[in-house]
Amino acid sequence: MPICIECRFPVEALYTAYSKADDRSLGKGVRLTQCPRCKRFADKYVEHDFVVLFIDLVLIKPQVYRHLLFNRLGRDDDKFDRSIVRLGILLLLFDVYLTWARIEKLSLPPSSPHHVPPPSSTPTNTSLPPSSHETNTNAAVLQAQPLILQYLFFLFLVVSSTLAFHMPIRLLCSLPPTRIPRIWRGFWKRIVPYYPHPTPLSTALLVSSCTKLFPILLIIWDYDLPSSATAVSWAVIVNNVAALEILMDCGYLRAGVLVGIGAGLRSVIANFVLRAMGLGTGWGDGTAGWGDVDSLVGMVRGVDGWVRRGIENG
Ligand SMILES: [Zn+2]
């Protein structure tokens, strides 16, 4: 049953069509339902197109999330909507590109079997072979393999990290509090919401990850890729928390705990896969972890400077 996107009150229908000859997308012959409780339109987004939806999604408007999760993509049979399957594949392929570009630039850890020790002589002589700094990046190891193998490796990395993100959230939410020992039950209820429908959970996580599509702008403007990838991943996490909170109405703390657990496991799995291949993960060399925060701040400063220049130039 659809709901009012303003106050979550269930409504019979979102609109009434008066004439079949008219086009609903043009808003003719259609009257939006007024919510009996809050007296506002139950779902104004039925008349809006995809661009408006996408902008409001990025702005984290709860109404647009309710429209998508409850009134448009929600199904009674607990299966994924076809458009969500397509969005999931698109996000996966995009993630492969972003992850590939980011991982390639990281340096190899000294413990890696591919690591070349630095020469003992001072690197003042220009006739020396390329410095070990250039050969000690992930790119040097990856490029020794055929392109298709590189692609398959990143596809595997992205699929396993996505599963590692979705699975713990789905499992934790589907665990009934009655199965938890009595002493822990109060604490459990406070940090993990009970929501026994895993498909809407994954739908919410996928819809809220569509900020990942932003780096399509990289094709137009040349950004510093690792820092923009980091900024995008932070924005996606904020969107994920908001989407889970709106879906389950569980408060930001509990949604944040769930996303934190999922994101933590995702980074453990990704680091494990990269380490197993002898590649650098970026942890501990200032390019990830707290370095993420640094690059986020750098990115915000860059955007700020760019906006100021725009204002000064009129
Ligand atoms: Zn209402």
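Bear in mind the structure is a predicted one, so any value in this text is a computation, not a measurement.

Rules used throughout
- Starting from 1, residues in each chain are numbered consecutively following that chain's sequence as written.
- At least 70 in pLDDT is required for a residue's local features to be given in this predicted model, at least 80 for side-chain atom pairs to be given and counted, and no such filter applies to totals for whole chains, interfaces and linings, which use all residues.
- Hydrogen atoms and water are omitted, and side-chain values are computed over all heavy atoms in the structure.
- We count a stretch as a helix when DSSP gives it H or I for four or more residues in a row; a strand needs E for two or more, and each element gets its number in order from the N terminus.
- Think of it in three bands: with a 1.4 Å probe and only protein chains considered, a residue is buried below 20% of the maximum accessible area for its type, exposed above 50%, and partly exposed in between.
- Contacts between residues were defined by any pair of non-hydrogen atoms, one from each residue, lying within 4.5 Å.
- Each accessible area is a Shrake-Rupley estimate made with a 1.4 Å probe; only the visible protein chains count as cover when residues are assessed.
- Note on donors: an N, O or S atom is included if it sits within 2.8 Å of the metal, or within 3.2 Å for Na, K and Ca, and water is never included, so sites can look incomplete.
- Angle rules define the geometry names used: all angles between 85 and 135 degrees makes four donors tetrahedral, while opposite donors over 155 degrees apart and all other angles between 65 and 115 make four donors square planar and six octahedral, leaving every other case irregular.
- A 3.5 Å cut-off defines polar contacts: any pair of N or O atoms within that distance qualifies, except that in protein one atom must be a possible hydrogen donor and the other a possible acceptor, and neighbouring residues in sequence count only when both atoms are side-chain atoms.
- For salt bridges, the criterion is a side-chain nitrogen of Lys or Arg within 4 Å of an Asp or Glu carboxyl oxygen.
- Only buried residues count toward a nonpolar core. Its members are Ala, Val, Leu, Ile, Met, Phe, Trp, Tyr and Cys residues joined through side-chain atoms within 4.5 Å.
- Per the annotation, domain bounds derive from an automatic or database assignment of domains.
- Classification of ring pairs rests on two measures: the distance between centres of Phe, Tyr or Trp rings, Trp counted by its six-membered ring, which must be within 6.5 Å, and the angle between planes, read as stacked under 30 degrees, edge-to-face over 60 and tilted in between.

A.B. asks: Please explain the overall build of the protein as it appears in this structure.
C.D. replies: Of the regular secondary structure elements, the protein holds 11 helices and 2 strands. When the helices and strands of the protein are read in sequence order from the N terminus, they spell out β-β-α-α-α-α-α-α-α-α-α-α-α. Within the protein, the fraction of its 314 residues that count as buried is 39%. Within the protein, contacts between residues separated by at least 24 positions form 65% of all contacts whose residues are at least 6 apart in sequence. Surface exposure of the protein reaches about 18,600 Å², of which carbon and sulfur atoms provide 63%.

A.B. asks: Looking at this structure, how should I read the coordination of the zinc ion?
C.D. replies: Each angle at a metal carrying four tetrahedral donors should ideally be 109.5 degrees, and each at a metal carrying six octahedral donors should ideally be 90 or 180 degrees. Looking at the zinc ion, one finds its protein donor set to be Cys-4 (SG), Cys-7 (SG), Cys-35 (SG) and Cys-38 (SG), positioned 2.2 to 2.3 Å from the metal centre. If you look at the zinc ion, its 4 donor atoms make angles of 107 to 118 degrees with each other, and the shape they trace is tetrahedral. Read from N- to C-terminus, the donor residues coordinating the zinc ion fall into the pattern C-x2-C-x27-C-x2-C. With Cys-4 in the segment before strand 1 (15-17) and Cys-38 in the loop between strand 2 (30-32) and helix 1 (50-58), this pair connects stretches of sequence that are 34 residues apart. The buried category is assigned to Cys-4, whose relative accessible area is 0%.

A.B. asks: Would you take a moment to explain the environment of Lys-39 for this structure?
C.D. replies: Mapped onto the secondary structure, Lys-39 falls in the loop between strand 2 and helix 1. Within the local environment of Lys-39, its side chain forms a polar contact with the backbone oxygen of Pro-36, the two atoms lying 3.0 Å apart.

A.B. asks: Got a minute to help me understand the pattern of salt bridges in this structure?
C.D. replies: Between side chains of opposite charge, pairing is possible as soon as their charged atoms come close. Tallied over the entire structure, the rule returns 4 salt bridges. The partner of Asp-77 in a salt bridge is Arg-75, and the shortest N-O contact between them spans 2.9 Å. Accessibility expressed as a relative area gives 41% for Asp-77, which makes it partly exposed.

A.B. asks: Please clarify how unusual backbone geometry should be interpreted in this entry.
C.D. replies: A negative phi angle is the norm for most residues apart from glycine, just as the trans form is the norm for most peptide bonds. If you check the backbone angles, Asp-78 has positive phi at about 60 degrees while not being a glycine. At Asp-249, a residue that is not glycine, the phi angle is positive and equals roughly 55 degrees. Looking at the secondary structure, you find Asp-249 in the loop between helix 9 (225-248) and helix 10 (252-276).

A.B. asks: Just checking my understanding: could you explain the nonpolar core for this structure?
C.D. replies: Most often, soluble globular proteins keep nonpolar side chains buried together rather than apart. Of all hydrophobic cores here, the largest spans 38 residues; its most connected members are Leu-244 and Met-248. Of all the secondary structure elements, the ones that give two or more residues to this core are helix 1, helix 2 (62-72), helix 3 (82-104), helix 6 (147-174), helix 8 (198-208), helix 9 and helix 10. With 6 residues, helix 9 is the largest single contributor of residues to this core. Shared between two domains, this core holds at least three residues of each, these being domain 1 (1-76) and domain 2 (78-115 + 131-282). When sequence neighbours within four positions are dropped, the list of residues in contact with Leu-244 reads Ile-169, Leu-201, Ala-204, Leu-205, Asp-249, Cys-250, Ala-255, Leu-258 and Val-259. Listed in part, the 15 residues of the second largest apolar core include Trp-100, Ile-103, Val-141 and Leu-142.

A.B. asks: Which parts of the structure should I look at to understand the packing of aromatic side chains?
C.D. replies: The way to describe two aromatic rings as a pair is by their centre distance and the angle between their planes. Within this structure, the stated rule accounts for 6 aromatic pairs. Each ring, one from Phe-94 and one from Tyr-97, has its centre 6.5 Å from the other, and the planes form 75 degrees; the classification is edge-to-face. Here Tyr-97 and Phe-94 lie together in helix 3, a separation of 3 residues that amounts to about one turn. Plain terms: the ring middles of Trp-100 and Phe-154 are 5.2 Å apart, the flat faces sit at 20 degrees to each other, and that makes the pair stacked. One end of the pair, Trp-100, is in helix 3; the other, Phe-154, is in helix 6, and 54 residues separate them in sequence. With relative accessibility at 15%, the residue Trp-100 sits in the buried group. Using a relative accessible area of 0% as the deciding quantity, one classes Phe-154 as buried. Clustering of aromatic rings is evident, with ring pairs tying together Trp-100, Tyr-151, Phe-153 and Phe-154.

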